[in-house]
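# Overview (structure and organization)
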Amino acid sequence: MAQFDVVVIGAGSSGHRLAILAAQRGLSTAVIDQQVHLGGRAVNHGQIARQVLLQAATARRASKPDRSMIDQQSRQSWSQALEQAGGVSGRLRESVQLHLRKNKVTVYQGKARVLDDLTVTIGCDAEDIEPLAARAIVVATGSLDQASSGLTLDGRVITESDLLQLPEPPSAVVLTGDSGRSLEWAYILRSFGVAVTILSGAERLLPMADREVSAQLQRWLRADQTDRLFNAAIASLADDGRQLSINLTDQSRRELRADYLVCLDDPVPNLEAVAGIDLALGASSTRGIVTDQFGHSSHDRIWAVGSVCDGIGQSAISWSQAMVVADQLAGRPSEPVKERLIPKVVGGGLPVAWFGLTEDDARSLGVDWVKSKLPLSASPIGWIDGGTQGFIKLICAQPHHEILGAHLVGPGAEQLLPELLLAATWDLSADELAVTLQARGSIAEALRDVAAGVSGPMLHY
Ligand SMILES: Cc1cc2nc3c(=O)[nH]c(=O)nc-3n(C[C@H](O)[C@H](O)[C@H](O)COP(=O)(O)OP(=O)(O)OC[C@H]3O[C@@H](n4cnc5c(N)ncnc54)[C@H](O)[C@@H]3O)c2cc1C
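Source: prediction; values computed, not measured.

Quick look at the overall build of the protein now. Secondary structure assignment for the protein yields 13 helices and 22 strands. Its C-alpha atoms give the protein a radius of gyration of 24 Å, near enough to 23 Å, the size a compact globule of 461 residues would have. Looking at the protein as a whole, 44% of its 461 residues qualify as buried. Sequence-distant contacts, at least 24 apart, represent 65% of the contacts inside the protein between residues at least 6 apart.

Near the ligand there are 38 residues, and of these Gly10, Gly12, Gly40, Gly142 and Gly306 occur at the shortest range. The residue makeup of the shell around the ligand, split by class, is 10 nonpolar, 21 polar and 7 charged.

This paragraph deals with the pairing of strand β19 (residues 352-356). For β19, a buried count of 5 out of 5 residues is recorded, marking the element as mostly surrounded by other parts of the structure. Two strands pair when backbone bridges link them, and strand β18 (residues 344-346) and β19 are joined in this way by 3 bridges, in the antiparallel orientation. Bridged to Val345 within β19 is Ala353. What sits between the antiparallel neighbours β18 and β19 is a turn of 5 residues, in which Gly348 has the positive phi angle 130°. Note: β19 against strand β22 (residues 403-409), 5 bridges, orientation antiparallel. The residue of β22 that forms the bridge with Gly356 is Gly405.

Strands sit in the order β8-β15-β9-β10-β11 across an open sheet of 5 strands; the sheet is parallel. A single partner strand is all that each edge strand has here, and the edge strands are β8 (157-158) and β11 (227-229). For β8 and strand β15 (residues 260-263), the ladder comprises 2 bridges, and the chain directions are parallel. Paired with Ile158 across the two strands is Val262, which belongs to β15. On top of the sheet, helix α6 (residues 180-191) reaches β9 (172-176), β10 (195-199) and β15; it is set at about 170° to β10, its chief contact.

The next thing to look at is helix α4 (residues 72-102). Compared with an ideal rise of 1.5 Å per residue, which puts 31 residues at 45 Å, α4 spans 45 Å between its outermost C-alpha atoms and is within 8% of the ideal. Considered for burial, the residues of α4 that qualify are Ser74, Ser77, Trp78, Ala81, Ala85, Ser89, Val96 and Leu100. Tucked inside the fold, the buried residues of α4 contact α1 (13-24), β2 (29-33), α2 (40-44), α3 (47-62) and β3 (106-109). Lys104 occupies a position one or two residues after α4 and carries a positive phi of about 60°.

Bringing the sheet that holds β18 into the picture now. Strand pairing in a sheet is mediated by backbone hydrogen bonds. Such pairs are either parallel or antiparallel. Taken in spatial order, the 5 strands make up an open sheet running β18-β19-β22-β21-β20, and their pairing is antiparallel. Each edge of the sheet is formed by a strand with only one pairing partner; in this case those strands are β18 and β20 (369-375). With strand direction ignored, the average angle separating the axes of adjacent strands in the sheet is 10°. One ladder, built from 7 bridges, connects β20 with strand β21 (residues 391-397); its direction is antiparallel.

Moving on: the domain arrangement of the protein. Structurally, the protein comprises domain 1 (2-144 + 268-339), domain 2 (157-263) and domain 3 (351-452). Between the C-alpha centres of domain 2 and domain 3 the distance comes to 30 Å. A per-class count over the side of domain 2 that touches domain 3 returns 4 nonpolar, 1 polar and 3 charged.

Another point: unusual backbone geometry. The linkage connecting Gln398 with the following residue, Pro399, adopts the cis geometry, with an omega of 0°. Despite not being glycine, Lys104 has its phi angle at roughly 60°, a positive value. On the secondary structure map, Lys104 appears in the loop between α4 and β3. Despite not being glycine, His401 shows a phi value in the positive range, around 65°. Residue class for His401 comes out buried when judged on the 22 C-beta atoms lying within 10 Å of it.

Here Met1 is to be found in the segment before β1 (2-9). Residues Met1 and Pro131, 130 residues apart in the sequence, show an inter-C-alpha distance of 6.3 Å. If sequence neighbours within four positions are ignored, Met1 has contacts with Pro131, Leu132 and Ala133.

Each pair of packed helices can be summarised by the angle the axes make with each other and by the distance between the axes. Two numbers describe how α1 lies on α4: the axes approach to 9 Å, and their chain directions differ by 25°. Considering the angle they form, α1 stands roughly parallel to α4. Taken as a pair, α1 and α4 cross one another with a handedness that is left-handed. Residue-level contacts link His16, Ala19 and Ile20 of α1 to Val96, His99 and Leu100 of α4. Along the lines of polarity and charge, the residues of the contact of α1 with α4 split into 4 nonpolar, 2 polar and no charged.

Parameters at a glance
Note that residues are indexed from 1 along each chain, following the sequence as it is written. Confidence filtering applies because this is a predicted model: local features only for residues at pLDDT of at least 70, side-chain atom pairs given and counted only at 80 or more, and all residues used for totals across whole chains, interfaces and linings. Helix and strand definitions follow DSSP, with helices as H or I runs of at least four residues and strands as E runs of at least two, each counted in order from the N terminus. The reference for a compact globule is 2.2 Å times residues^0.38; the radius of gyration itself is calculated from the C-alpha atoms. Buried residues are those with 20 or more other C-beta atoms within 10 Å of their own C-beta, exposed residues have 12 or fewer, and partly exposed residues lie in between; C-beta atoms are placed from the backbone. A pair of residues counts as a contact when their C-beta atoms, built from backbone coordinates, are within 7 Å of each other. Contact assignment follows one rule, namely that a residue is near a molecule or strand if its backbone-placed C-beta atom lies within 6 Å of it. Ten residue types, Ala, Val, Leu, Ile, Met, Phe, Trp, Tyr, Cys and Pro, are classed as nonpolar, four, Asp, Glu, Lys and Arg, as charged, and the remainder, Gly among them, as polar. When DSSP finds at least two bridges between two strands, those strands are taken to pair. Interaxial angles span 0 to 180 degrees and are taken between N-to-C directions of axes, which are lines fitted to C-alpha atoms, for helices over the stretch in contact. The span you would expect from a helix comes to 1.5 Å times its residue count less one. Each domain's extent is set by a domain assignment, obtained either automatically or from a database. Here is the rule for angles: anything less than 35 degrees is roughly parallel, anything more than 145 is roughly antiparallel, 65 through 115 is roughly perpendicular, and the remaining ranges are oblique. Crossings are assigned a handedness: left-handed for a near helix turned anticlockwise from the far helix by less than a right angle, right-handed for a clockwise turn.

Laid out in structure tokens, this is it:
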């Protein structure tokens, strides 16, 4: 039986990074993936393709096409964007393979299962099963798309991956879910002339974001003619062969018609590889594996990283999580990932980026806090293009003004976030940020102004 210090199950964003980092720390490492294409969800199903389509959507809007209908041009640019996305995914897959090989990680292809906390098996048929012995097993099997509550995936009730297979844009869709994915898809699909309705069980858009962020996005979507229905649930569905008719449970008893209902609800952790192993899943809010802050499960030799774990399944933290676990496995000291510093970014017509406490969080935690808010219309970017919507808001602790949360809406949101994250990571105060030099006329000048606003007046507002 082949023996390794570390056997990682899953070569997605978290698993392949962990395998490389473990090997770089001198541990003999194997990674197993059931897919021929390594890289996981982000590379192969959705996230990367969505990024490419977002760019194509922005380019289409800039060329000001008639967005009231789907025409030959929109069909063509849809298929070109999907082709481009396929090319980007292919290059990323090659890069994953290359870096695993370069770092001497042994790659196995097949379906893996944890037999006990020393052995992993690979294969499906009894005679095809290959066992590997491991000093440590890391479960990195990710998550799976799910249909919205009470629905079954079929040809018309589909997932993001199915949407990416459509040869041309549909004429009307209903998107379910409360995440940024719904907003990004609404922006993309509207650019291609698709009629879009966002159906959410929550009381507002992006319920985990600051309320003022939701309100600003709400106004933007209205202007973009995206229909939004909140506190809504589906009572019944009927397919007449051409379209779906979707009846809602809300008081309006509204009926929606659409070619597809796209389920963008949060994916569920994929626990198949550890079926039958008691990992004390106990108090999990997402049914994922509960680990300590260093990725250690209740089993001595079993660890877990990525979206198979309880909590936020975000590729943004997979690198940091992998680093923490790799250091632990190599017996090195490590700092756990700070949840309050996990960045969240939503692209589209009105980009959004944030981390840390919202105003509601600060109130419910009872911390002593103060805020500063600068509309982007009062910043250099606002002066240049006149109609800029959005704002930057900082939530800071009293009395020293450490940054507890930052909320940015509008052009440049994701570019400004890193400077704020760096400041928050190293406990810099807003007052220290306010004396940091920024290039004249750049959007970063707005940071200096909003930071100054925590202690006193802002220069431009
Ligand atoms: C549709 C979708 C869209 C998303 N969009 C975003 C986004 O916009 N921004 C963001 O930050 N995050 C997004 N996420 C989350 C992000 O993709 C995940 O956080 C990230 O991929 C987590 O990486 P992972 O390694 O945990 O899992 P994955 O990337 O899912 O990788 C898991 C790997 O394990 C393999 N595997 C599973 N079971 C077995 C088994 N039994 N044996 C062998 N191999 C197995 C799979 O083949 C896969 O390659 C999205 C997730 C989904 C599902």
